[in-house]
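A closer look at the structure
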Amino acid sequence: MRQAMIIINPSSGKEEAGEYVRYAERVLADQGYLVTIKETAKELDATRYCITACEECYDLVVSIGGDGTLHETINGLMNQKQHPKLGVVPLGTINDFARALQIPLNPEIAIQTLASSNVKTVDIGCLNDRLFGNVVAVGSIAGSLSSVSIEEKTKLGSLAYLKEGLKQLTSTSPHPLVIHYDEKTWQGDSPLFLAVLTNSVGGFENLIPDAAVDDGLLHCFIIQDLSILNTITASISLLLGSLKDHKDVVYFTAQNVTVSSPEAVRTNVDGEEGPILPITLSVLPRHIQVIVPEVD
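In this numbering scheme, every chain counts its residues from 1 along its sequence in written order. Given that this is a predicted model, residues contribute local features only at a pLDDT of at least 70 and side-chain atom pairs are listed and counted only at 80 or more, while totals for whole chains, interfaces and linings are drawn from all residues. The side-chain quantities take in all heavy atoms of the structure and omit both hydrogens and water.

Let us look at the overall build of the protein. Per the secondary structure count, the protein includes nine helices and 16 strands. Categorising residues by exposure relies on relative accessible area from a 1.4 Å probe, with only protein chains included: less than 20% of the type maximum marks a residue as buried, more than 50% marks it as exposed, and the intermediate range marks it as partly exposed. Burial statistics for the protein: of 296 residues in total, 54% are counted as buried. Working rule for contacts: check all heavy atoms of both residues, and any pair within 4.5 Å makes them a contact. In the protein, the proportion of contacts linking residues at least 24 apart, taken out of those at least 6 apart, comes to 74%. Accessible surface area values rest on a Shrake-Rupley calculation with a 1.4 Å probe, where residue burial reflects the displayed protein chains alone. Looking at the protein as shown, the accessible area adds up to about 13300 Å², and 49% of this sits on carbon and sulfur atoms. Secondary structure elements follow DSSP: runs of H or I no shorter than four residues count as helices, runs of E no shorter than two count as strands, and numbering proceeds from the N terminus.

Below, the structure written as structure tokens:
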């Protein structure tokens, strides 16, 4: 009998979390799975549960929660011989990974998708000694995004990040960065560097219209020192999906990137606080299988 593990963050989705996990259990049981349910109570629980699922050769791991729960779950796949398929039920505010894979943002419909026979093999990023599913941000802005309150994210959604980013761009100094990518080097001052795996960042699904979840590339943006006027035009470019063409943005794709600075510059990884520079980034092409909706 096939085995599935549901990893649920009970604090996500408010009081509905319990109902969602029971529904997911029924859907998976109908598909012939023997279901184990694991609730997270502290940091890295989801990672530990996923490691157990890998070691015990589970066929499927389902993450029910926000981007943080999913990030921890994905990290349980690191250096594992056996990779279960991944199911995603988004209960967070932004849910970039789900957006990029066109997994329904409605939790009930996403749970129904777990019965899909359609699987997408997707890239995963590696930052130093951890994995990430969507984005790494570097700079003062990146650090500030980790502190955006749950209330603001619930009220404003993606605009909460844009609001905080604009505030930081106009009030903080850029950092000296040295960025090596493939055989090239960029060196200069920047308030923000982004390395992205998918088309969706902070809920903005048009950031990189051409990015694919399985193209084997990091899509990178170096935001150069911007005046208030240029910050506004860059924001418009972000909304229109043409940020890479902005005159104050350096855009490139790469498979390997290192970022360093003489200063203690903060990072943000999949919406969570990351390590201080330096960092090394790479792509693990088509590394995991994710259940996605059936193709019409």
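A general tendency of soluble globular proteins is for nonpolar side chains to be buried together. The nonpolar core is taken to be a set of buried Ala, Val, Leu, Ile, Met, Phe, Trp, Tyr and Cys residues, with the residues joined through side-chain atoms within 4.5 Å. Within the largest apolar cluster, 48 residues are counted, with the highest numbers of intra-cluster contacts made by Leu28, Ile64 and Val290. With six residues, helix 1 (residues 17-30) is the single largest residue contributor to this core. Core analysis: the next-biggest nonpolar cluster, separate from the first, contains 24 residues, Leu177, Ala195, Leu197 and Val259 among them.

Only protein atoms enter the calculation, which uses a 1 Å grid: trapped sets of points that fit a 1.4 Å probe without letting it out are cavities, open sets showing protein on both sides within 12 Å along at least five of seven lines are pockets, and any residue with an atom within 4 Å of a point is a lining residue. Grid points are joined across faces, edges and corners, and a volume is the space filled by probe spheres set on the points. Estimated volume of the second largest pocket: approximately 190 Å³. What lines the second largest pocket is simply Ala100, Leu101, Gln102, Asn118, Lys120, Ala212, Val213, Asp214, Val292, Pro293 and Val295. Residue composition of the lining of the second largest pocket, by class: seven nonpolar, two polar and two charged. Note that Gly is not counted as nonpolar here; it falls among the polar residues with everything else outside the nonpolar set of Ala, Val, Leu, Ile, Met, Phe, Trp, Tyr, Cys and Pro and the charged set of Asp, Glu, Lys and Arg.

Glancing now at empty space enclosed by the protein. If you walk through the whole model with that rule in mind, you get two cavities of 30 Å³ or more. Looking at the lining of the largest cavity, the elements that each hand over two or more residues are strand 3 (60-65), helix 3 (67-75), strand 4 (85-90) and helix 4 (96-100). The dominant element in the lining of the largest cavity, judged by the number of residues it contributes, is strand 4, at three residues. When its residues are assigned to classes, the lining of the largest cavity shows six nonpolar, four polar and one charged. The computed volume of the second largest cavity comes to approximately 40 Å³. Around the second largest cavity, the lining residues are Phe97, Leu101, Val122, Asp123, Gly133, Leu197, Thr198 and Val213. Classifying every residue of the lining of the second largest cavity gives five nonpolar, two polar and one charged.

Take helix 1 next. What a helix should span is 1.5 Å times the count of its residues minus one. For helix 1, spanning 14 residues, the distance from its first C-alpha to its last is 20 Å, which sits close to the expected 20 Å at 1.5 Å a residue. Along helix 1, the positions that sit buried rather than exposed are Ala17, Tyr20, Val21, Ala24, Val27 and Leu28. The buried residues of helix 1 all sit within an arc of 125° when viewed along its axis, so they share a single face. Those residues of helix 1 that are exposed and angled more than 90 degrees off the buried face are Arg26 and Asp30. On its buried face, helix 1 is in contact with strand 1 (2-8), strand 2 (33-39), strand 3 and helix 5 (107-113). Each C-beta atom gives one direction from the helix axis, and the arc is the one those directions make.

Our focus in this paragraph is the environment of Tyr23. Looking at the secondary structure, you find Tyr23 in helix 1. You can call Tyr23 partly exposed: its relative accessible area is 22%. Taking C-alpha positions, Tyr23 is 8.9 Å from Gln112, a pair spaced 89 residues apart along the chain. Once you skip the residues sitting within four places of it in the chain, Tyr23 turns out to touch Glu108, Ile111 and Gln112.

This is a description of form; function is not addressed.
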